[in-house]
2 protein chains.
Amino acid sequence: MIEPQIPKGFRDFLPQQMMLRRDIMRTMSAVFERYGFVPLDTPCLEYARTLEGKYGEEGDKLIYRFEDRGGRAVALRYDLTIPLARVAAMYQLPRPFKRYQIAPVWRADKPQKGRFREFYQCDIDIIGESSACADAELLCVAHAVLQALGFDNYLIRINNRKILNALAERLGIDTARIPGFLRALDKLDKTGPGAVLRDMQAQGLLTGDAERIVREHLLAGGDNFEAVAALVSGSETGAAGLAELDLIARVLSADGVDGSYYKRDISLARGLDYYTGPIFEVVVTEPRIGSILGGGRYDGLIGLFTKQSMPATGISFGLERLVTVMEELGMHAQTNSLTQVLVTQFSDGLLEDGVRLAARLRQSGFNTELYPAPDKLKKQLSYAAARGIPAVVVLGPDEARDERATLKNMLTGDQAVLEQQHLAEAIRTMLS
Amino acid sequence: MIEPQIPKGFRDFLPQQMMLRRDIMRTMSAVFERYGFVPLDTPCLEYARTLEGKYGEEGDKLIYRFEDRGGRAVALRYDLTIPLARVAAMYQLPRPFKRYQIAPVWRADKPQKGRFREFYQCDIDIIGESSACADAELLCVAHAVLQALGFDNYLIRINNRKILNALAERLGIDTARIPGFLRALDKLDKTGPGAVLRDMQAQGLLTGDAERIVREHLLAGGDNFEAVAALVSGSETGAAGLAELDLIARVLSADGVDGSYYKRDISLARGLDYYTGPIFEVVVTEPRIGSILGGGRYDGLIGLFTKQSMPATGISFGLERLVTVMEELGMHAQTNSLTQVLVTQFSDGLLEDGVRLAARLRQSGFNTELYPAPDKLKKQLSYAAARGIPAVVVLGPDEARDERATLKNMLTGDQAVLEQQHLAEAIRTMLS
């Protein structure tokens with residue numbers, strides 16, 4: 001006998017969990033399509049060389065890499081962005097190209113609470129458009145998705161790598177050392193301002209008045225955006241970054257997103273090296289579970305795969321955290337069945353009558369199960385109760401002969417004998 | 001620069017293909033749910049020991065097996081049945097348990113036309129019910145799915161391992177050699193009757209009158225079911241197998257499945273060793289592309305993972321072949337966009353007006369795109385034409401001032417200036 005187990009960090013989704021996950025994915029798809037995004041899918045397995053070297057040193061270590069039977073180095077998809085960049089380079093796609101993809105990715109991370117080795121990402125990206133209108137649209141979609149899922153306590157944090165680059169320049173940090181500066185800043189929420197400052201000092205980044213500016217404006221929390229904006233507005237890069245954020249705010253406002261849902265935040269850095277413009281993050285403020293969405297503009301990434309230059313921007317929802325919040329806040333009706341009506345089986349002699357009646361109820365639009373074989377009525381009713389099936393149709397010999405059936409309301413316990421032709425109507429009333 | 005490539009036997013699905021695939025999966029899910037099946041998902045990665053030794057010698061060679069970073073032998077999912085058997089052994093599930101799963105599987109097979117290394121299976125299974133009513137229900141669902149997808153030229157082939165076992169006994173074949181007998185028979189469609197007979201002879205299976213019976217009744221084609229039934233009806237196993245097929249026919253007929261859609265076929269064997277009862281296959285008869293569905297009862301399989309005995313039966317649709325047929329027969333409208341309305345952008349000064357108008361159209365229920373940045377009108381119209389977006393709303397400065405807009409029908413070329421409040425109604429009329 002083989003012990004039934006799955007690898008650590010991997011999960012089975014039993015029907016009840018699966019129905020919530022599927023509802024979230026359906027809601028997302030519908031909103032994505034409402035804004036003109038189309039679905040795309042890519043293989044779970046890529047050549048290792050496609051993925052390696054794109055996610056930083058730490059990321060590279062987490063790639064599931066192996067040799068296939070032909071000795072080729074392959075790897076499980078680590079995210080949905082690099083595969084999209086490969087796709088954009090490989091095919092002549094109409095541009096702007098707006099795609100969504102909802103799919104699992106794999107990371108050989110240490111499994112811990114809320115962190116898995118296989119998890120779903122839900123991405124939208126716009127390729128071929130350099131205007132910040134595209135970035136703004138992604139945030140409108142993010143807001144619309146969260147509203148559609150019933151979320152209300154969240155904050156969209158917005159910053160711009162151009163502003164951070166201009167700030168680094170103002171602080172006297174060499175271009176080559178900016179990635180180290182950003183990676184230090186990115187740890188702010190995790191390790192706090194003291195640790196970030198020490199990290200920057202250890203890297204030797206802060207000379208002259210830089211330390212004071214970083215301490216007072218970048219790491220102090222609260223609303224420091226305007227102060228930093230004033231510092232960088234003289235730089236061409238800085239001014240361009242500020243103008244993009246203004247454009248984004250105009251679009252969000254015109255789309256009807258209330259100002260309380262988003263905030264410019266100078267301390268937002270995002271971890272990946274490849275961002276070049278606006279960057280985003282959405283945090284749920286109650287319960288405090290951290291970021292449920294991240295993203296930004298990555299105008300140079302597709303250029304790794306093709307000589308054609310292609311601007312691009314995208315965001316990625318983390319499905320697992322959305323599920324966690326919705327479960328914790330009871331935002332979704334718990335159910336372990338989608339069946340509306342159970343038709344019981346009395347005896348082998350009534351098999352055809354049961355099948356026929358169930359078929360008729362399905363034609364009337366009800367998700368209908370025929371209990372799979374004759375059994376004690378009590379057991380069949382327990383089956384319906386355990387699954388939360390609201391209506392049970394009991395079909396005995398007398399009733400079958402008279403083209404009647406007993407309809408039982410599992411919530412109230414009420415039951416009534418009806419003509420079969422009136423069943424659908426009675427069930428519809430019961431369910432409404 | 002990295003050359004953008006994907007491994008052989010793997011595929012990207014661009015939006016047009018993806019929309020067809022997704023529509024098929026949605027139709028299937030809806031029918032599965034209509035019959036009371038609930039969704040389940042399992043990890044793409046299993047412990048290698050969970051999968052190995054279940055698919056026969058040839059199958060085992062095709063498993064994508066590798067060591068993870070902790071040195072554990074893991075493998076990519078090869079099908080959806082063994083993971084389900086593991087799940088059934090691992091959790092206390094309410095029984096009968098009716099689940100569906102639509103998900104990719106991986107096989108390190110030689111890539112060739114229509115055969116891929118990553119492909120989707122669409123499975124339904126019923127666990128915990130030994131009555132052939134359960135097997136029959138699977139076939140009712142198969143029929144309902146194919147009808148819902150618009151298929152009509154198909155044949156459900158039905159046989160029973162019990163009948164084949166009884167026949168083997170009648171032919172004087174040892175129990176231990178029955179798997180070899182079935183594997184030989186399973187190649188009939190591929191290699192023809194001569195090759196199958198030679199295979200059986202080479203295995204030394206046919207003594208006495210066995211060769212004549214096999215030649216005349218098992219491999220002759222046409223309707224040999226009754227003749228073989230007469231040969232095995234005296235055996236307890238044979239009689240049980242025949243009774244199960246009778247029950248299945250009663251259910252199919254009561255469910256309204258016309259007799260022309262299914263046929264008992266004594267030469268159907270199915271390749272896997274683990275089947276124990278009724279077995280099925282669906283072939284599309286026009287175009288002749290072979291089997292699009294296979295399955296059967298596997299009462300012993302879950303016992304590999306638990307001491308509890310659990311009867312089970314299931315079928316598996318092959319998504320790739322369904323897609324192939326639907327594309328070849330033009331059974332699905334080709335589209336590369338789901339967008340119904342494009343709102344053009346005239347200038348930066350009209351940005352907010354455009355965003356607001358697009359938001360209003362989305363609220364009226366239309367999938368609406370705002371062109372991502374101001375550009376030449378001609379280019380924006382080409383964008384709509386290339387994607388098959390049927391309605392374009394042109395918003396110029398005069399129109400924006402007067403709360404009007406130009407609605408252009410991209411099919412007819414007609415256009416009219418309308419008040420913005422009447423746009424939704426006019427678009428609805430245009431699209432209907």
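The model shown is predicted, which means the values in this text are computed figures rather than measured ones.

(A) Fine view of the overall build of chain A. In terms of regular secondary structure, chain A is built from 17 helices and 16 strands. For 432 residues, the compact-globule estimate of 2.2 N^0.38 gives 22 Å, and the C-alpha radius of gyration of chain A, at 28 Å, exceeds that figure by more than 25%. Expressed along its principal axes, the backbone C-alpha trace of chain A runs to roughly 95 × 55 × 45 Å. For chain A, the proportion of its 432 residues judged to be buried stands at 46%.

(B) Quick peek at the sheet that holds strand S4 (residues 73-76) of chain A. Residues and elements named next belong to chain A. Within the open sheet, the three strands sit side by side as S2-S4-S3. Their pairing is antiparallel. Either end of the sheet is taken by a strand with one partner, and the two such strands are strand S2 (45-47) and strand S3 (65-67). Recorded for the sheet is a direction-independent mean angle of 40° between the axes of neighbouring strands. With three bridges joining them, S2 and S4 adopt antiparallel strand pairing. Each residue of the ladder has a partner; that of Tyr-47, found in S4, is Val-74.

(C) View of the domain arrangement of chain A. For chain A, the assigned domains read domain 1 (1-130 + 299-335), domain 2 (150-269) and domain 3 (341-431). Taking only C-alpha atoms into account, the centre of domain 1 of chain A sits 43 Å from that of domain 3 of chain A.

(D) Layout of the sheet that holds strand S5 (residues 97-106) of chain A. All names here are of chain A. In space, the eight strands of this open sheet follow the order S1-S5-S6-S11-S10-S9-S7-S8, with mixed pairing throughout. Two strands lie at the open edges of the sheet, namely strand S1 (38-39) and strand S8 (262-264), each paired on one side alone. Sheet topology note: the strand S7 (residues 154-160)/strand S9 (residues 278-284) ladder contains seven bridges and is antiparallel. Bridge pairing in S9 links Arg-157 to Glu-281. Sheet strands in contact with helix H4 (residues 81-90) are S5, strand S6 (118-127) and strand S11 (312-318), and its direction is about 40° off that of S6. In the packing of helix H5 (residues 132-149) onto the sheet, contacts are made with S6, S7, S8, S9, strand S10 (290-297) and S11, and the angle to S11 comes to roughly 15°.

(E) Fine view of the relation of the copies chain B and chain A. Mapping chain B onto chain A calls for a rotation angle of 180° and an axial translation of 0.0 Å; the resulting RMSD is 0.1 Å. With respect to symmetry, the two chain copies, as superposed, fit the operation of a two-fold axis. In terms of proximity to the rotation axis, the leading residue of chain B is B:Phe66, whose C-alpha is 3.3 Å off the axis. Both copies present the same face, since 100% of the interface residues in chain B are matched by interface residues at the equivalent positions in chain A.

(F) Examining the interface of chain B and chain A more closely. With 77 residues of chain B at the interface, the matching set in chain A holds 77 residues. In terms of residue class, the side of chain B that touches chain A is built from 43 nonpolar, eleven polar and 23 charged.

(G) The environment of B:Glu399, seen in detail. One can find B:Glu399 in helix H16 (residues 397-401). Residues contacting B:Glu399, with those up to four places away along its chain left out, are B:Arg404, B:Ala405, B:Thr406 and B:Val417.

(H) Fine view of the pairing of strand S10 (residues 290-297) of chain B. Residue and element names in this part refer to chain B. The buried fraction of S10 is high, at six of eight residues. Here six bridges tie strand S9 (residues 278-284) to S10, and the two strands are oriented antiparallel to one another. Across the sheet, the residue bridging to Ile-279 is Gly-296, located in S10. Linkage of S9 to S10, two consecutive antiparallel strands, is achieved through a turn of five residues. Relative to strand S11 (residues 312-318), S10 is paired through five bridges, and the arrangement is antiparallel. Paired with Gly-296 across the two strands is Gly-314, which belongs to S11.

(I) Local environment of the packing of helix H6 (residues 161-170) of chain A against helix H11 (residues 225-232) of chain A. Residues and elements named next belong to chain A. Relative orientation of the contacting elements H6 and H11 amounts to 65°, with a least axis distance of 9 Å. In terms of axis orientation, H6 runs roughly perpendicular to H11. Considering only the axes of H6 and H11, their crossing is left-handed. When H6 is examined against H11, the residues Ile-163, Ala-166, Leu-167 and Arg-170 are found in contact with a partner set consisting of Val-228, Leu-231 and Val-232.

(J) Spatial organisation of the environment of A:Val228. Residues and elements named next belong to chain A. Examined against the element boundaries, Val-228 turns out to sit in helix H11. Through-space distance from the C-alpha of Val-228 to that of Leu-164 is 9.3 Å; in sequence the pair is 64 residues apart. Those residues in contact with Val-228, other than ones at most four positions away along the chain, are Leu-167, His-217, Leu-218 and Ile-266.

(K) The packing of helix H5 (residues 132-149) of chain B against helix H12 (residues 236-254) of chain B, seen in detail. Residue and element names in this part refer to chain B. Close contact between H5 and H12 brings their axes to 9 Å; oriented N to C, the two are set at 45°. As far as their axial angle goes, H12 and H5 are oblique. Considering only the axes of H5 and H12, their crossing is right-handed. Note on element contacts: H12 touches H5 through Glu-244, Leu-247, Ile-248, Val-251 and Leu-252, opposite Ala-132, Cys-133, Asp-135, Ala-136, Leu-139 and Cys-140. Here the contact of H5 with H12 is composed, by residue class, of nine nonpolar, no polar and two charged.

(L) Local environment of the pairing of S11(A). Along S11(A), seven of the seven residues are buried, which leaves the element largely enclosed by surrounding structure. Side chains A:Ala312, A:Gly314, A:Ser316 and A:Gly318 of S11(A) all project onto a buried face; the interleaved residues A:Thr313, A:Ile315 and A:Phe317 project onto the opposite face, where all are buried too.

(M) How the structure looks around H5(A). In this model, H5(A) (18 residues) spans 26 Å end to end at C-alpha, consistent with the 26 Å of a helix rising 1.5 Å per residue. In terms of burial, H5(A) is largely enclosed, as 15 of its 18 residues are buried.

(N) Fine view of the environment of A:Val343. As for its position among the elements, A:Val343 is in strand S12 (residues 341-343). Contacts of A:Val343, omitting those with residues within four sequence positions, involve A:Gly354, A:Leu357, A:Ala358, A:Thr368, A:Leu370, A:Tyr371, A:Val393 and A:Leu395.

(O) Representation of the confidence of the model for chain A in the model. Residues at a pLDDT of 70 or more form 100% of chain A, whose mean pLDDT is 95. Listed scores for the predicted complex are pTM 0.94 and ipTM 0.94.

(P) Up close: unusual backbone geometry. All names here are of chain A. The peptide bond linking Arg-95 to Pro-96 adopts the cis configuration, its omega dihedral lying at -5°. Relative to the helices and strands, Pro-96 resides in the loop between H4 and S5. The residue Glu-403 is not glycine, and still its phi comes out positive at about 60°. Looking at where Glu-403 falls in the secondary structure, it is placed in the loop between helix H16 (397-401) and strand S15 (404-409). Judged by the 11 C-beta atoms lying within 10 Å of it, Glu-403 falls in the exposed class.

The rules behind these values
Residues numbered from 1 in each chain as written. Chains lettered and ligands numbered in written order. Predicted model: local features only at pLDDT ≥ 70, side-chain atom pairs only at ≥ 80, totals over all residues. Helix = DSSP H or I, 4+ residues; strand = E, 2+ residues; numbered from the N terminus. Rg over C-alpha atoms; globule rule 2.2 N^0.38 Å. Buried ≥ 20, exposed ≤ 12 C-beta atoms within 10 Å, placed from the backbone. Pairing = 2+ DSSP bridges. Axes fitted to C-alpha atoms, helices over the stretch in contact; angles between N-to-C directions. Domains from an automatic or database assignment. Contact = placed C-beta atoms within 7 Å. Least-squares fit on C-alpha atoms with pLDDT ≥ 70 in both. Nonpolar A, V, L, I, M, F, W, Y, C, P; charged D, E, K, R; others polar. Parallel < 35°, antiparallel > 145°, perpendicular 65-115°, else oblique. Left-handed = near helix turned anticlockwise from the far one by under 90°. Expected span 1.5 Å × (residues − 1). pLDDT = per-residue confidence, 0-100.

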